[in-house]
Amino acid sequence: MKQKFEPFKERVYLSSPTMHGEELKYMTEAYQTNWMSTIGANIDSIEADVAKKLGMGYTVALSSGTAALHLAMKLAKIKPGEKVFCTDMTFSATANPIVYEGGVPIFIDSEPDTWNMSPEALKKAFELYPDVRVVMLAHLYGVPAKLTEIKEICRQHEAILIEDAAESLGATYQGQQTGSFGEIGVISFNGNKIITGSSGGMLLTDKKELADEARKLSTQAREDAPWYQHKEIGYNYRMSNVIAGVVRGQLPYLEEHIAQKKKIYQRYQAGLSELPVKMNPFDSDKSEPNFWLSCLVIDKEEMCKQTRTDTEASYTSEQGRSCPTEILEALAAINAEGRPIWKPMHLQPIYEKNIFVKVDENGVDEDIFNRGLCLPSDNKMTPEQQDRIIDVIKSCFE
Ligand SMILES: *Cc1c(COP(=O)(O)O)cnc(C)c1O
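Residues numbered from 1 in each chain as written. Predicted model: local features only at pLDDT ≥ 70, side-chain atom pairs only at ≥ 80, totals over all residues. Heavy atoms only, no water.

- The name given to the protein chain in an unreviewed UniProt entry is Aminotransferase, and the organism recorded there is Ligilactobacillus salivarius.
- According to the UniProt record, the Sequence similarities (unreviewed entry) comment for the protein chain is "Belongs to the DegT/DnrJ/EryC1 family." (UniProt positions renumbered as here; feature names shortened; annotations may be inferred.)

Here it is, written out as C-alpha cells:
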C-alpha cells in the first residue's frame, strides 16, 4: 500500500448475515409450540414460499446446500467411476458431492463474459466424452451462466443439468429464476449467502418422484412400515424447524438484499471507473444477477508482479500498477474483508489429477483467479465506508 488510511473500528465483512427481527419471532414460535425438530410450520412455510418464488413444483428443505447437492447426485444415480462435467471456478462444495458418490468430476473452464462454465468448453468436453450423463453448473457470485447455450448442449446430449444456485438465489435469466432451469436445483442458506438461516439449504425440482425420494433419503430412508424398515442407505439431512424460522423471517427481504447489493456493485463500478480494472461481468440483455459479491479484475498490463505458492502469496510493489494480493493486504489494513477469487478446482491438490477441459489455450479461469478479487460486499456497509474502500483501492494503483 502506498498511502495510510484510518482503519474501520467495526470490521467491514465480505458478506455477513443481515437480520431483520422476524427471524426471532419464528424461532420463538417454534420453541413455544415445541416444534423443535425437523417438522413444523416454518419448514412448510419456506418450502411453499421458495417453490412459489422460484416457480418450481417441489422443494425440500435440508441441513445445507452441500447436503442438497449430495442428494442431487443420489437422484442422478451417479455410479462409481462415472464422469460428471462440473464448473471449474467455484466453491469446492459444487464438486465434492460428485466424489461422495464415487463420481469423477471433469472440470470445465469458464468464459470471460460471466465467469461461468464455458459453453464452448462444454461442447468440446462432450466431443471428448460423449457418454457423460450429468452436468453440474454453478452460477458464480450470483451471476447467471449462459443458460440458453448450456441447456441446448445438454438437450443435444440428453444430459441431466443440475444447477448449483447456492450463490445466486433471486438472480434471473430471461426473467426466470436461477435454480429452476435444471432437472434439479440447489440453493444454500449458509451464513454468508444473500438469505441465511445460519445454515441450511434446499433442493428444487419439478418432478414429484425426485422430491419424494430426496425427502425420504434426507430422513434416513425409512420405508412405509410399522417399524424402521430400510431398503436404501439414508441420511440425516433434513432442515431443523428452528433454522427454518430464521429463513422464514429472511425470505421477505430477498428483494431488499438484492437492491442493496446492486447499489454496492454500482458504487464500486462508478468509483473504480478511472482505474485499469473491470467489475465481474454479466449479460445485461439476458440476466439480472443478485449481485451477491462484487468482484474486480485488473487489466493484464497493469498487474504488478505477484507470486502464489500453494499456501502463500507475495508481490512486488510497482508504481501505477497493483495486484489482488496488494489490494487484499490494503483492505485488511483498514479492517475490511476481501477475498481472492475462488481458486479453480483443477488447481486444487485434491483435484489436480482430474481432467480439465478448456478451449482457450491459456485457460480463462486461472487468469481470472490471478488477476481478480472479491470486494467487501456486505449489505450493511455504509456509502462512507465504501468510499474509503474505493480510495484504498485507488491508492494501490498510485
Ligand atoms: C455456499 C456454497 C455451497 C454450499 O452450501 P452450504 O449450505 O454451505 O453447504 C455450494 N456451492 C456453492 C457455489 C456455494 O457458494
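A short note on the UniProt feature "active site" (unreviewed entry) in the protein chain
And then number 1: As annotated in UniProt, the feature "active site" (unreviewed entry) corresponds to Lys193 in the numbering used here.
And then number 2: Tracing the sequence through the fold places lysine 193 in the loop between strand 8 (184–188) and strand 9 (201–205).
And then number 3: Residues in contact with lysine 193, not counting those within four places in the same chain, are Ala166, Glu167, Ser188 and Trp292. (Helix = DSSP H or I, 4+ residues; strand = E, 2+ residues; numbered from the N terminus. Contact = heavy atoms within 4.5 Å.)

Here's the deal with helix 5 (residues 119–128)
Structural remark: α-helix, 3.6 residues per turn; residues separated by three or four positions point the same way.
And then number 1: All of the buried residues along helix 5 are Pro119, Ala121, Leu122, Ala125 and Phe126. For helix 5, the angular spread of buried residues about the axis comes to 160 degrees, placing them on one side.
And then number 2: Each element contacted by the buried residues of helix 5 is listed here: strand 2 (83–87), strand 3 (104–108), strand 4 (134–138), helix 6 (147–156) and strand 16 (356–357). (Buried < 20%, exposed > 50% of the residue type's maximum accessible area, 1.4 Å probe, protein only. Arc of directions from axis to C-beta.)

A look at the domain arrangement of the protein chain
And then number 1: The domains assigned to the protein chain are domain 1 (22–253) and domain 2 (254–395).
And then number 2: Centre-to-centre separation of domain 1 and domain 2, based on C-alpha positions: 26 Å.
And then number 3: At the interface, 52 residues of domain 1 touch 41 residues of domain 2.
And then number 4: Together domain 1 and domain 2 conceal approximately 3900 Å² of surface at their shared face, both sides included; 62% is due to carbon and sulfur atoms. (Domains from an automatic or database assignment. Buried area = accessible area lost by both parts, 1.4 Å probe.)

Quick look at the environment of alanine 330
And then number 1: Examined against the element boundaries, alanine 330 turns out to sit in helix 10 (residues 324–333).
And then number 2: Residue alanine 330 is classed as buried on the basis of its relative accessible area, which comes to 1%.
And then number 3: Sequence-wise, alanine 330 and serine 294 are 36 residues apart; in three dimensions their C-alpha atoms are separated by 17 Å.

Here we look at the side chain of aspartate 109
And then number 1: Structurally, the position occupied by aspartate 109 is in the loop between strand 3 and helix 5.
And then number 2: Notably, aspartate 109 is buried but unbridged: the nearest opposite-charge side chain belongs to lysine 358, and the N-O separation is 6.8 Å.
And then number 3: Beyond its immediate stretch of four places on either side in the chain, aspartate 109 contacts Asp88, Asn116, Met117, Ser118, Ala121, Phe356, Val357, Lys358, Gly363, Val364 and Asp365. (Lys, Arg positive; Asp, Glu negative; His and termini not counted. Salt bridge = Lys/Arg side-chain N within 4 Å of Asp/Glu carboxyl O.)

Looking at unusual backbone geometry
And then number 1: The backbone of glutamate 158 shows a phi angle near 50 degrees, a positive value even though the residue is not glycine.
And then number 2: Take glutamate 158: it is sitting in the loop between helix 6 and strand 5 (160–164).
And then number 3: Positive phi outside glycine occurs at glutamine 220, with the angle close to 70 degrees.
And then number 4: Mapped onto the elements, glutamine 220 comes out in the loop between helix 7 (208–218) and helix 8 (241–250).

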